Number of protein chains: 2
Amino acid sequence: MENTKKTTIHDIAAKLNVTASTVSRALKGNPRISDSTRKAVLKTARELNYEPNQIASALRSGRTQLIGMLVPTINRSFFSSIIRGVEEVANSLDYRVIVSQSNEVFENEENAVRAFLNARVDGIIASIGKNTQHFDHYKQVLERGLPLVLFDRTTPQLHTSQVVIDDYQGAYLATSHLIAQGCVKIAHFTTERKIDIYKERYRGYVNALEDHGIAPNEALVFSGSLQLEDGRAHAETLLQKKENFDAIFSASDYAAMGAMQVVRENGLKIPEDVALVGFLNEPFTSFTDPPLTTVNQFPIEMGHTAANLFFNALNSEKEKIVTKKTVIQPELVIRASSLKKKP
Amino acid sequence: MENTKKTTIHDIAAKLNVTASTVSRALKGNPRISDSTRKAVLKTARELNYEPNQIASALRSGRTQLIGMLVPTINRSFFSSIIRGVEEVANSLDYRVIVSQSNEVFENEENAVRAFLNARVDGIIASIGKNTQHFDHYKQVLERGLPLVLFDRTTPQLHTSQVVIDDYQGAYLATSHLIAQGCVKIAHFTTERKIDIYKERYRGYVNALEDHGIAPNEALVFSGSLQLEDGRAHAETLLQKKENFDAIFSASDYAAMGAMQVVRENGLKIPEDVALVGFLNEPFTSFTDPPLTTVNQFPIEMGHTAANLFFNALNSEKEKIVTKKTVIQPELVIRASSLKKKP
DNA sequence: ATTATTTATGCAATCGATTGCACAACTAAC
DNA sequence: GTTAGTTGTGCAATCGATTGCATAAATAAT
């Protein structure tokens, strides 16, 4: 069985004394082929261990059955879960997923999109980088009539399908929950509010306070990179300034974790002295002590949705591509870090 | 600039009154092309915004510049980090990575490999599933002369390049460390020892004990699925049976985490009463209380290595593919959960 | 029995880049 | 000035599957 050479439709054709056209049609289920030939073709194909050459097919048909997927960082739970979600849907439809990461570098993002186009992907699913300067590369994708789906980090500047979570709602839920637990001086950790999602979280935080008759206090709002170290620094500042606060709502689990460490190191109790809520539902949040209340973004479902929007666009007429914005409702995952009142 | 139609080498050729052959050669840096034509071609290519059609190129040359990468689960830190590592090397060489996950289902594994072959990938990088029944699909890959690199979970049944970590050494280091901290009754959490890596960890554990004059005690060895719940169950059993133990070395961080919870719930102190060491260096381990000592497998580096082995094989003569087994030395990451003696 | 229609298949071009071979034009050697 | 060698391009086939158009054969309609 040293079957090094791949069998092609021509091999099947030769064996059956028909042409490659017939074989191709038979394999594709073209109704203009008689039952008997179809069966013979399928039988011979099996015998010869035929596997279609998707490259040849792609060249002729223009469809590669490939989706280019661009994320900032592959090995971040949120993103890898979205990749997982996309892969599940794509695979079930016999599509494959090429992944690339931008590492938040704008140039990488441009290169990745170009590489995808060169590989002739059938479309792209992407999350915009933090340092994206313009959207020309994405516009090219659209101009070529290829489906483009943006998730999580999107922009109104591109007329294309999007999946986001309701960041406002997530933040509103989180803040309201803290208020319901009796907290009134709630700090907020955020980042430069250029990016929509953080803007929205901030807005949700402020609105929840106002809706409950609490005046927002900018002295309690800290901006940084939302990493663990930032959370530590913010918490230390709060403590040093003897700022009066009884809760922290952080726009990221990592910063929340940093704050948790500092608060505990200073002998304060969580949630009694300081209640804590994060955002992301990173896997580690259930393992902290106490476990961290956070906002679940349902990344796998987000991946499913992104893939479904992708195939919707792919299957719609080129002239009237269906663009749709799907907003996923987040869920507040209540754990011990914020639970002052026993339910 | 409604440049919907892609420009091809023929467009460039027409504009310059040469043939496509010349353009192709000029673009590929073939030395038989005069400097003047080459410059003209490159200039025109830029002007017309030419991008090579990799599909056409792939069909003719037989190289798709695609690597198929198969992992059990995309959204597990260890695996997504390896994907990241592979992607970094691949991208720098203008190769792209298609990812698929098996979810530990053997059939999925077979299908993914078949799909990769249909997509005409230039080779495959894979980790074998837990439920793999035979290796025929991988053998097909090798028979076709394609590079195959296995990582983490490998098998001696396939003559191909492999990257693993020295699981024995990791376990030996971990156990020796516990002994150095004064522990003598060290429990071990493992799984059915069919899979090499767990066998090796068990062996490292036993040998470390023996080398330090401690008799291994099978009553302290627990087998399960190594999930958090398993760790909890094992720890509860240990406590209920009033088994005398002063440390646990778990072959997985998750099971270690479960044990940490149970031990603390029972009012015992870590590391004073029970010292704890895990394995994997999952991101959460640095966030537990106390932070968990564990074994770092350097997954990103493992990805780099896998990719390098892949390209070695790819660039070697088909007849004498270089197969190499690389063993990465793990590192014991010592954190508070095992640190009884201040250094 | 003749025409119209359906059914099943073949022909040949096409997708875009690559490449072995041929060949013209020019240079160098004797 | 004839032969040998070098240099730069072109020609045409090829990779494997797909598809519009043509056509032969079989069936239905008149």
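The partner chain A presents 48 residues to the 48 residues of chain B that form the contact. Applying the counting rule to chain B against chain A returns two salt bridges. A:Arg264 is the partner of B:Asp289 in a salt bridge, and the nearest nitrogen-oxygen pair spans 3.1 Å. Across the chain B-chain A interface, the total number found is 22 residue pairs in polar contact (both at pLDDT 80 or more). Only α4 (54-61), α5 (77-92), β2 (96-101), α6 (106-118) and α11 (253-265) of chain B provide two or more residues apiece to the side of chain B that touches chain A. With seven residues, α5(B) is the largest single contributor of residues to the side of chain B that touches chain A. For the side of chain B that touches chain A, the per-class residue count stands at 20 nonpolar, 16 polar and twelve charged.

The subject of this paragraph is the protein's contact with DNA strand C. Around DNA strand C, the structure places 25 residues, and the nearest of them are A:Thr22, B:Ile9, B:Arg25, B:Tyr50 and B:Arg60. Taken together, the sugar and phosphate atoms account for 54% of what DNA strand C places within 4 Å of the protein. Taking A:Arg32, its side chain carries an N or O atom lying 3.2 Å from a base nitrogen of DNA strand C. One of the backbone nitrogen or oxygen atoms of B:Ala56 is found 3.2 Å away from a base nitrogen of DNA strand C. At the level of elements, α2 (20-28) and α4 (54-61) of chain A together with α1 (9-16), α2 (20-28) and α4 of chain B are the ones that each hand at least two residues to the surface near DNA strand C. It is α2(B) that contributes the most residues to the surface near DNA strand C, four residues altogether. Residues of the surface near DNA strand C, tallied by class, amount to seven nonpolar, twelve polar and six charged.

Looking now at the side chain of B:Thr294. Residues and elements named next belong to chain B. Along the polypeptide, Thr-294 turns up in strand β10 (residues 294-296). A distance of 3.1 Å separates a polar atom in the side chain of Thr-294 from the backbone nitrogen of Asn-281. Not counting the four nearest positions on each side in its chain, Thr-294 is found in contact with Asp-253, Val-277, Gly-278, Phe-279, Leu-280, Asn-281, Thr-285, Glu-331, Leu-332, Val-333 and Arg-335.

Residues and elements named next belong to chain B. For Gln-297, the position within the fold is in the loop between β10 and α12 (299-315). Assessed through its relative accessible area of 1%, Gln-297 is described here as buried. Among all residues touching Gln-297, those that are not within four sequence positions of it are Phe-78, Asp-152, Ile-165, Asp-167, Arg-201, Phe-279, Leu-280, Met-302 and Ile-328.

With that settled, the discussion passes to the sheet that holds strand β2 (residues 96-101) of chain A. Within a sheet, adjacent strands bond to each other through the backbone by hydrogen bonds, running parallel or antiparallel. Pairing is mixed in the open sheet, where twelve strands are placed in the order β11(A)-β5(A)-β4(A)-β3(A)-β1(A)-β2(A)-β2(B)-β1(B)-β3(B)-β4(B)-β5(B)-β11(B). For this open sheet the edge positions go to β11 (325-328) of chain A together with β11 (325-328) of chain B, each flanked by a neighbour on one side alone. Across the sheet, the axes of successive neighbouring strands diverge by a mean angle of 20°, strand direction being ignored. Of the strand pairs in this sheet, strand β1 (residues 66-71) of chain A and β2(A) are connected by six bridges, and their pairing is parallel. The partner of A:Met69 across the bridge, within β2(A), is A:Val99. Against the sheet, helix α7 (residues 136-143) of chain B makes contact with β1 (66-71), β3 (123-126) and β4 (148-151) of chain B, and its axis sits at roughly 140° relative to β4(B), the strand it touches most.

So, on to the pattern of salt bridges. Oppositely charged side chains can form a pair if their charged atoms are brought close together. A full pass over the atoms with the stated rule returns 24 salt bridges over all chains. Ionic pairing is found between A:Arg38 and A:Asp35, a salt bridge with its closest N-O pair at 4.0 Å. Taken together, the residues A:Arg38 and A:Asp35, both in helix α3 (residues 35-47) and three residues apart, mark about one turn of the helix. With relative accessibility at 19%, the residue A:Arg38 sits in the buried group. The structure contains a network of salt bridges with shared partners spanning A:Arg264, A:Asp289, B:Arg264 and B:Asp289.

Here we come to the protein's contact with DNA strand D. Residues in contact with DNA strand D amount to 25 residues; listed here are only the nearest, A:Ile9, A:Arg25, A:Tyr50, A:Arg60 and B:Thr22. Counted by atom, the contact set of DNA strand D within 4 Å of the protein is 53% sugar and phosphate. Between a base nitrogen of DNA strand D and a main-chain N or O atom of A:Ala56, the distance comes to 3.2 Å. Contact between DNA strand D and B:Ser21: a base nitrogen at 2.9 Å from a side-chain N or O atom of the residue. Mapped onto the surface near DNA strand D, the elements with two or more residues apiece are α1 (9-16), α2 and α4 of chain A together with α2 and α4 of chain B. If you tally residues by element for the surface near DNA strand D, the top one is α2(A), at four residues.

Right, let's talk about the relation of the copies chain B and chain A for a bit. For the pair chain B and chain A, the best superposition has an RMSD of 0.1 Å and corresponds to a rotation of 180° with a translation of 0.0 Å parallel to the axis. The symmetry that links the two subunits is that of a two-fold axis.

All names here are of chain A. Evaluated as defined, the whole model comprises 22 aromatic pairs over all chains. By way of ring pairs, the aromatic residues Phe-78, Phe-79 and Phe-151 are connected into one cluster. Cation over ring: Arg-201 sits above Phe-279, and NZ or CZ is 3.9 Å from the ring centre.

Residues and elements named next belong to chain A. Its place among the elements puts Val-89 in helix α5 (residues 77-92). Separated by 21 residues in sequence, Val-89 and Glu-110 have C-alpha atoms that sit 26 Å apart. Sequence-distant contacts of Val-89, that is, excluding residues within four places in its chain, are made with His-304, Ala-307, Asn-308 and Phe-311.

What follows covers α6(B). Helix length check: α6(B), at 13 residues, gives a terminal C-alpha distance of 19 Å against a target of 18 Å (1.5 Å per residue), a fit within 8%. Within the sequence span of α6(B), burial applies to B:Phe106, B:Glu109, B:Ala112, B:Val113, B:Ala115, B:Phe116, B:Leu117 and B:Asn118. If you follow the buried residues of α6(B), they end up packed against α4 and β2 of chain A together with β1, β2, β3 and α7 of chain B. Among the residues trailing α6(B), B:Arg120 stands out with phi positive, at a value near 60°.

Turning our attention to the pairing of strand β8 (residues 247-250) of chain B. Residue and element names in this part refer to chain B. Here β8 shows no split at all, with Ala-247 and Phe-249 on one side and Ile-248 and Ser-250 on the other all buried. Where strand β6 (residues 186-190) meets β8, four bridges bridge the pair, whose relative direction is parallel. Bridge pairing links Ile-186 to Ala-247 in β8. Crossover β8 to strand β9 (residues 275-277) through α11 is right-handed.

Let us look at unusual backbone geometry. All names here are of chain A. A cis amide bond links Ile-270 with the next residue in sequence, Pro-271, at an omega value of 10°. Checked against the element boundaries, Pro-271 lands in the loop between α11 (253-265) and β9 (275-277). The backbone phi angle of Asp-94 is positive, close to 65°, even though this residue is not glycine. Among the secondary structure elements, Asp-94 is positioned in the loop between α5 and β2.

All names here are of chain A. One open sheet holds the four strands; their spatial order is β7-β6-β8-β9, and the pairing between them is parallel. What marks the edges here is a single partner per strand, and that holds for β7 (221-223) and β9. Between one strand and the next, the sheet's axes are offset by a mean angle of 15°, whatever the strand orientation. Direction of pairing for strand β6 (residues 186-190) relative to β7: parallel, over a ladder of three bridges. Each residue of the ladder has a partner; that of His-188, found in β7, is Val-221. Packed onto the sheet, helix α9 (residues 196-211) meets β6, β7 and β8 (247-250) and runs at close to 170° relative to β6. Helix-sheet contacts for α11 involve β6, β8 and β9, and the interaxial angle to β9 is about 160°.

About the criteria used
- Residues numbered from 1 in each chain as written.
- Chains lettered and ligands numbered in written order.
- Predicted model: local features only at pLDDT ≥ 70, side-chain atom pairs only at ≥ 80, totals over all residues.
- Heavy atoms only, no water.
- Contact = heavy atoms within 4.5 Å.
- Salt bridge = Lys/Arg side-chain N within 4 Å of Asp/Glu carboxyl O.
- Polar contact = N/O pair within 3.5 Å; in protein donor to acceptor, adjacent residues only side chain to side chain.
- Helix = DSSP H or I, 4+ residues; strand = E, 2+ residues; numbered from the N terminus.
- Nonpolar A, V, L, I, M, F, W, Y, C, P; charged D, E, K, R; others polar.
- Near = heavy atom within 4 Å.
- Buried < 20%, exposed > 50% of the residue type's maximum accessible area, 1.4 Å probe, protein only.
- Pairing = 2+ DSSP bridges.
- Axes fitted to C-alpha atoms, helices over the stretch in contact; angles between N-to-C directions.
- Least-squares fit on C-alpha atoms with pLDDT ≥ 70 in both.
- Phe/Tyr/Trp six-rings, centres within 6.5 Å; stacked < 30°, edge-to-face > 60°.
- Lys NZ or Arg CZ within 6 Å of the ring centre and 35° of its normal.
- Expected span 1.5 Å × (residues − 1).
- Right-handed = clockwise from strand over helix to strand, strands pointing away.

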